[in-house]
Amino acid sequence: MKRLAILASGSGSNAEKIMEHFQNSEIAEITLVASNKADAFVLERANKFGVPTFTFSRKEMDAGVLLEKLQEENIDWVILAGFLLKIPVELTRAFPDRMVNIHPALLPKYGGKGMYGSLVHEAVKAAGDTETGITIHLVNENYDEGRIVFQASTPVTEADTPDSIAEKVHALEHKHFPEVIEGLL
């Protein structure tokens, strides 16, 4: 049984879908939800599923506190689900090809530092793109540059707004992320 940890910084709707997916799994279990924000709603979602939570600051993460916690918990895979901090090199090296992230665009477009959430959808709309989507990729030392393992797209129409684009992208995330994680295990 693989032990998975989810890192998230905000609401945690993807984390919730992942916890639902693995709730009765014989392959893996979510054994920790960790956040850099003590007031992140993802922590409440984790409590609803009885999953232990852990909070930490950027300074603590950079000092190795998060890595120590993941090792203490014997975590096999780390799932980034709306986690907004850059992962320290030591952490990526501790989980080579065992750390996965979801990005709300078709990488390599709209990736990198500062490209997350509504900022991505606004950029897609401003560029006049006719499609967008999601990218699930392994995490390396650089933002959004790890090996791509899955992409799914959705059309963008002239009538779409950044909010309606976000809704389409969330639907893809919720549908595919848990299944792709299971496939990677």
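See the structure above.
Residues numbered from 1 in each chain as written. Predicted model: local features only at pLDDT ≥ 70, side-chain atom pairs only at ≥ 80, totals over all residues. Heavy atoms only, no water.

J.: When you look at the sheet that holds strand β1 (residues 2-7) in this model, what are you seeing that I'm missing?
T.: Think of a sheet as strands paired side by side through backbone hydrogen bonds, with each pair either parallel or antiparallel. Pairing is mixed in the open sheet, where 7 strands are placed in the order β3-β2-β1-β4-β5-β6-β7. Only two strands of the sheet have a single neighbouring strand rather than two, namely β3 (53-55) and β7 (148-155). Averaged over all adjacent pairs, the angle separating strand axes in this sheet is 20 degrees, with direction ignored. In this structure, strand β2 (residues 28-35) lies alongside β3, joined through 3 bridges in parallel fashion. What sits directly across from V33, in β3, is T53. (Pairing = 2+ DSSP bridges. Helix = DSSP H or I, 4+ residues; strand = E, 2+ residues; numbered from the N terminus. Axes fitted to C-alpha atoms, helices over the stretch in contact; angles between N-to-C directions.)

J.: Which parts of the structure should I look at to understand the packing of aromatic side chains?
T.: For any pair of aromatic rings, geometry is given as the distance between the ring centres together with the angle between the planes. With the rule as written, the count across this model stands at 2 aromatic pairs. Look at F54 and F56: their rings are 6.1 Å apart centre to centre, the planes differ by 25 degrees, and that puts the pair in the stacked class. The same class applies to F54 as to F56, namely buried. Judged by centre distance (6.1 Å) and plane angle (45 degrees), the ring pair of F56 and F83 falls under tilted. Here F56 is found in the loop between β3 and α3 (58-62), whereas its partner F83 is found in the loop between β4 (77-80) and α5 (89-94), with 27 residues between them in sequence. (Phe/Tyr/Trp six-rings, centres within 6.5 Å; stacked < 30°, edge-to-face > 60°. Buried < 20%, exposed > 50% of the residue type's maximum accessible area, 1.4 Å probe, protein only.)

J.: Looking at this structure, how should I read the pattern of salt bridges?
T.: Two side chains that carry opposite charge are able to pair once their charged atoms sit near each other. The final tally for this structure, using the stated rule, is 9 salt bridges. A salt bridge links E73 to K69; the nearest nitrogen and oxygen atoms lie 3.2 Å apart. In this structure E73 comes out as partly exposed when scored by relative accessible area, which is 22%. Measuring nitrogen to oxygen at the nearest pair gives 3.2 Å for the salt bridge that ties K109 to D129. Here the residue K109 occupies a position in the loop between β5 (99-103) and α6 (117-127), and D129 occupies one in the loop between α6 and β6 (131-138), the gap between them amounting to 20 residues. Since its relative accessible area comes to 44%, K109 is described here as partly exposed. According to the relative accessible area criterion, D129 is buried, its value standing at 15%. (Salt bridge = Lys/Arg side-chain N within 4 Å of Asp/Glu carboxyl O.)

J.: Which parts of the structure should I look at to understand the pairing of β4?
T.: On a regular strand, one side chain projects to one face of the sheet and the next to the other, so that they alternate. The side-chain alternation of β4 yields two buried faces, one formed by W77 and I79 and the other by V78 and L80. Where β4 and β5 come together, 3 bridges link them in parallel fashion. Paired with L80 across the strands is N101, a residue of β5.

J.: Whenever I open this one, the environment of L138 confuses me. Can you help?
T.: Topologically, L138 is positioned in strand β6. Spatially, the C-alpha atoms of L138 and V149 are 7.1 Å apart, while their sequence positions differ by 11 residues. With near-sequence residues (within four places) excluded, L138 lies in contact with W77, D97, M99, V100, G146, R147 and V149. (Contact = heavy atoms within 4.5 Å.)

J.: What exactly am I supposed to notice about the nonpolar core here?
T.: For soluble globular proteins, nonpolar side chains are generally found buried alongside one another. Core analysis: the largest hydrophobic core is formed by 36 residues, its most contacted members being I6, I18, I30 and F177. Ranked by residues supplied to this core, first place goes to helix α7 (residues 162-184) with 6 residues. Not counting residues up to four positions away in its chain, the partners in contact with I18 are I6, I30, I79, A81, F177, P178 and I181. Among the nonpolar cores identified, the runner-up in size contains 20 residues, and L7, L67, L91 and M99 belong to it. (Core = buried A, V, L, I, M, F, W, Y, C linked by side-chain atoms within 4.5 Å.)

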